[in-house]
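# A closer look at the structure
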Amino acid sequence: MSTVPNLPNIINLTIDADRAHLEASIARLVAKCTRVERVSIDIGNPANYKPHCFCHREDGWDWDGMNISLEHLREAMITGFLPSEHHRSLVRLMIASAPALEKMTVESYCGKELDGSIPCDRGHWTPCASEGSGRHGRVTIYEWTPDKRRDG
């Protein structure tokens with residue numbers, strides 16, 4: 001498989017990943033867009049998981065060892081979010097890698113609370129809406145915003 005070159009001219013990126021367990025590949029692709037300001041990711045239907053997809057690793061994925069730079073990212077939206085460790089790790093990595101991030105919206109499809117499952121010392125999660133059903137079932141929308149900085 002060939003590697004993806006740097007994509008410095010992309011400032012708005014939409015990814016429709018119609019398979020589960022592509023989170024690490026998504027993170028690598030987003031990292032190649034060095035000037036990206038807005039990202040929208042639809043993780044897709046978890047029923048489409050393929051154990052032999054190109055991103056599957058027998059020994060798991062080392063999220064702690066992954067470093068990406070998203071210094072221009074200001075806004076991100078993730079739909080298809082499930083409270084799996086891979087999904088939470090993708091969100092944590094994006095927040096930690098984006099110092100200019102102003103807002104991240106996550107649509108959770110399990111009806112579980114998102115607040116404490118993705119800790120972040122730079123901001124906070126707020127539930128914005130809850131809908132009866134979405135593409136994957138009950139939808140709860142959360143928004144992450146950075147804490148206000150105190151000067152002096």
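The notes below deal with the structure included here.

## Topic: the overall build of the protein
Secondary structure summary: the protein contains two helices and six strands in total. Taken from N to C terminus, the helices and strands of the protein fall in the order β-α-β-β-α-β-β-β. Just so you have it, the protein exposes about 8,800 Å², and 48% of that area is on carbon and sulfur atoms.

## Structural notes on helix α1 (residues 23–32)
Summarising burial for α1: seven of the ten residues are buried, a large majority. Of all the positions in α1, only Glu-23, Ala-24, Ser-25, Ile-26, Ala-27, Val-30 and Ala-31 are classed as buried. Buried residues along α1 sit in contact with β1 (12–16), β2 (38–42) and α2 (85–97).

## Some points on the pattern of salt bridges
If charged atoms from side chains of opposite charge come close, those side chains can pair. As enumerated under the stated definition, the model contains four salt bridges in all. A salt bridge links Arg-88 to Glu-85; the shortest N-O distance between them is 2.7 Å. Here the residue Arg-88 and the residue Glu-85 both occupy positions in helix α2, the gap between them amounting to three residues, near one helical turn. The residue Glu-85 makes a salt bridge to Arg-92 at a minimum N-O spacing of 2.5 Å. A relative accessible area of 41% places Glu-85 in the partly exposed class. With relative accessibility at 26%, the residue Arg-92 sits in the partly exposed group. Several salt bridges converge on common partners, so that one network encompasses Glu-85, Arg-88 and Arg-92.

## Describing the nonpolar core
Counting 33 residues, the largest nonpolar core has Ile-41, Leu-73, Val-91, Met-94, Met-104 and Trp-125 as its most contacted members. Listed by contribution, the elements that provide at least two residues to this core are β1, α1, β2, β3 (75–81), α2, β4 (103–108) and β6 (137–146). Considering every element that reaches this core, the biggest residue donor is α2, with five residues. If near-sequence neighbours (up to four positions away) are discounted, Val-91 is found in contact with Ile-78, Phe-81, Met-104, Val-106, Ile-118 and Trp-125.

## Some remarks on the packing of α1 against α2
Helices that pack against each other are described as a pair by the angle of their axes relative to one another and the distance between those axes. Packing of α1 against α2 brings their axes to within 9 Å, and their N-to-C directions diverge by 15 degrees. The angle between the axes of α1 and α2 places the two elements in the roughly parallel class. Here α1 runs over α2; the crossing is right-handed. When α1 is examined against α2, the residues Glu-23, Ile-26 and Ala-27 are found in contact with a partner set consisting of His-86, His-87, Leu-90 and Leu-93. Looking at side-chain class alone, the contact of α1 with α2 contains four nonpolar, two polar and one charged residues.

## Concerning α2
Between its terminal C-alpha atoms α2 stretches 18 Å, which fits the 18 Å expected from 13 residues at 1.5 Å a residue. Among the residues of α2, those classed as buried are His-87, Arg-88, Ser-89, Leu-90, Val-91, Leu-93, Met-94, Ile-95 and Ser-97.

Definitions and cut-offs
Residues numbered from 1 in each chain as written. Predicted model: local features only at pLDDT ≥ 70, side-chain atom pairs only at ≥ 80, totals over all residues. Heavy atoms only, no water. Helix = DSSP H or I, 4+ residues; strand = E, 2+ residues; numbered from the N terminus. Areas by Shrake-Rupley, 256 points an atom, 1.4 Å probe, with all protein chains shown as cover. Buried < 20%, exposed > 50% of the residue type's maximum accessible area, 1.4 Å probe, protein only. Contact = heavy atoms within 4.5 Å. Salt bridge = Lys/Arg side-chain N within 4 Å of Asp/Glu carboxyl O. Core = buried A, V, L, I, M, F, W, Y, C linked by side-chain atoms within 4.5 Å. Axes fitted to C-alpha atoms, helices over the stretch in contact; angles between N-to-C directions. Parallel < 35°, antiparallel > 145°, perpendicular 65-115°, else oblique. Left-handed = near helix turned anticlockwise from the far one by under 90°. Nonpolar A, V, L, I, M, F, W, Y, C, P; charged D, E, K, R; others polar. Expected span 1.5 Å × (residues − 1).

These figures capture arrangement, not role.
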